[in-house]
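# Understanding the architecture of this molecule
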Amino acid sequence: MSTMKSVRTGVQGTVDVVDIERPVPGPKDALVQIRACGICGTDTHFLHLGGIPFGPGGSMVPVALGHEPAGEIVDIGAEVTGLRVGDRVVVNPQDAPSGIIGCGGKLGGMSEYLLIENAVVGKSVAVFPDTVPFDVAALNEPMAVARHCVNRSGATATDKVVIFGAGPIGLGAAIWLKLRGVEHVVVADVIPERLDTALAVGADAVIDSSKEDVTARLTELHGPAANALGQPRPGTDIYIDAAGAAAVFNTVLASAKWHAKLVMVAVQKKSDDIDLGSMLRSELTLIASQGYPTEIFEVTAEIAEHQERFAKLISHRVPFSEADKAFQLAMTPGAAEKVVVTF
């Protein structure tokens, strides 16, 4: 029996690197040798929990981690079409029959090899050019999340947009908005290095919300407007919450002009401090954005085309031999923007 190394949750706040059986593809499957895999906030959420409560009495069960993999086809079933050994691929983690890859399913992408069950090009995998580094290709899944957020916003060229949160999803949204031709995109955060990255990937302006009056700065950048009661407000058309903090929500409620839109893409932290009644004063439209119903492979070619810009989102590249270090780095607030494990 051939084995491979795979990362899963350990006791709270730690990972275990374990030896497991290397998968053998069936006639409809493909086997990918993983070359890079990103670490996401969902991974660190599982680490904080110490697994997932699927055991008896709600006890924690270890989770196979990693849902942002990119790799190379090394074995292929006889019935698989459109793929060949040597193809570089990115993966749709939500298409696995045995459960979402890296998010409670049987399989995890933070492994030396990953079985692609029922491998279908354009559904479970997509091929990317060999001119794209594997670490950049591993951004495919989070950039699909960011793309869906932008699609949900309905942003057009004449819109003025602000994004709260300069993590990978917020910065990805900034890139997609500018590639879409949106007139003016602002990114707000409290970490100066992340704001520098926002400017590097194409944001028109940034706001340090720990030091600046966000409403006053948006009025300066986007011009004056008013809410439904005629009270002065910034001329910002679309607010994107890629942070998930109650303070962001309340800032939007206090700043929104008449018929502004708020798109929520971050996982929201529970709070009793949100004043929903303020929405009435702007007739604010609240839009939720979850996952990537169609975008998972719509983004692949554009990431390849604009790979230099997307590469700026990666702050740390850590070898798989130091996977525990990579996860600890990702779990430390403010220590990293985007951590990608390389194989």
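Our subject is the structure listed above.
Sequence positions are assigned chain by chain, starting from 1 and proceeding in written order. Given that the model is predicted, a residue must reach a pLDDT of at least 70 before its local features are reported, and side-chain atom pairs must reach 80 or more before they are shown or counted; all residues, however, enter totals for whole chains, interfaces and linings. Derived side-chain values reflect all non-hydrogen atoms in the structure, with water molecules and hydrogen atoms excluded from consideration.

## A few points about the sheet that holds strand β9 (residues 184-189)
One bridge is not enough; two strands pair if DSSP finds at least two bridges between them. For the purposes of this entry, the term helix denotes a DSSP run of H or I that reaches at least four residues, the term strand denotes a run of E that reaches at least two, and both are numbered from the N terminus. Here six strands make up an open sheet; going across it, the order is β10-β9-β8-β13-β14-β15 and the pairing parallel. Every interior strand has two partners, whereas the edge strands, β10 (205-208) and β15 (285-288), have only one. For this sheet the average axis-to-axis angle between neighbouring strands, irrespective of direction, equals 20°. Summarising the sheet, strand β14 (residues 261-264) and β15 pair through four bridges and their orientation is parallel. Residue Lys261 lies in a different strand from β15, and its bridge partner there is Thr285. Running at roughly 165° to β10, helix α6 (residues 214-222) makes contact with β8 (160-164), β9, β10 and β13 (238-241) of the sheet. Only the contacting stretch of a helix is used when fitting its axis, a line to C-alpha atoms as for every element, and angles between N-to-C directions run 0 to 180 degrees. Only heavy atoms matter for contacts: two residues are in contact if any of them lie within 4.5 Å across the pair.

## Considering empty space enclosed by the protein
The pocket and cavity definitions rest on a 1 Å grid over protein atoms only: a 1.4 Å probe that fits but cannot leave marks a cavity, an open set with protein on both sides within 12 Å along at least five of seven lines marks a pocket, and residues lining either have an atom within 4 Å of a point. Grid points are joined across faces, edges and corners, and a volume is the space filled by probe spheres set on the points. If you walk through the whole model with that rule in mind, you get two cavities of 30 Å³ or more. Considering only enclosed or pocket space, the largest cavity measures out at about 40 Å³ in volume. If you go around the largest cavity, the residues you meet are Val90, Phe128, Pro129, Val132, Ala137, Asn140, Thr300, Ile303 and Ala304. Broken down by element, the residue count for the lining of the largest cavity peaks at three residues, all from helix α8 (residues 300-305). Under the scheme applied here, ten amino acids are nonpolar (Ala, Val, Leu, Ile, Met, Phe, Trp, Tyr, Cys and Pro), four are charged (Asp, Glu, Lys and Arg), and all others, including Gly, are polar. Within the lining of the largest cavity, the residues separate by chemical class into seven nonpolar, two polar and no charged. Put simply, the second largest cavity is a space of about 40 Å³. Lining the second largest cavity are Val91, Asn92, Ala96, Ile101, Leu115, Ile116, Glu117 and Ser124. Here the residues of the lining of the second largest cavity sort into five nonpolar, two polar and one charged.

## Here we look at unusual backbone geometry
The residue Asn118 is not glycine, and still its phi comes out positive at about 50°. Tracing the backbone shows Asn118 in the loop between β6 (113-116) and β7 (125-127). Taking the relative accessible area as the measure of exposure, Asn118 reaches 39% and is therefore partly exposed. A positive phi angle is found at His259, which is not glycine, with a value near 70°. Here His259 lies in the loop between α7 (246-255) and β14. Three labels apply to residues, based on accessible area from a 1.4 Å probe with only protein chains included: buried if under 20% of the type maximum, exposed if over 50%, partly exposed otherwise in between.

## Description of the pattern of salt bridges
Within this document, salt bridges are pairs made up of a side-chain nitrogen of Lys or Arg and a carboxyl oxygen of Asp or Glu, the two lying within 4 Å of each other. Under the defined criterion, the tally for this structure stands at 12 salt bridges. The closest approach of N and O atoms between Asp204 and Lys178, which form a salt bridge, is 2.9 Å. With Asp204 in the loop between α5 (192-200) and β10 and Lys178 in helix α4 (residues 168-179), the pair connects residues that are 26 residues apart, well separated along the chain. By relative accessible area, Asp204 is classed as partly exposed at 36%. Taken together, the shared-partner salt bridges in this structure form one network comprising Glu212, Arg217 and Glu220.

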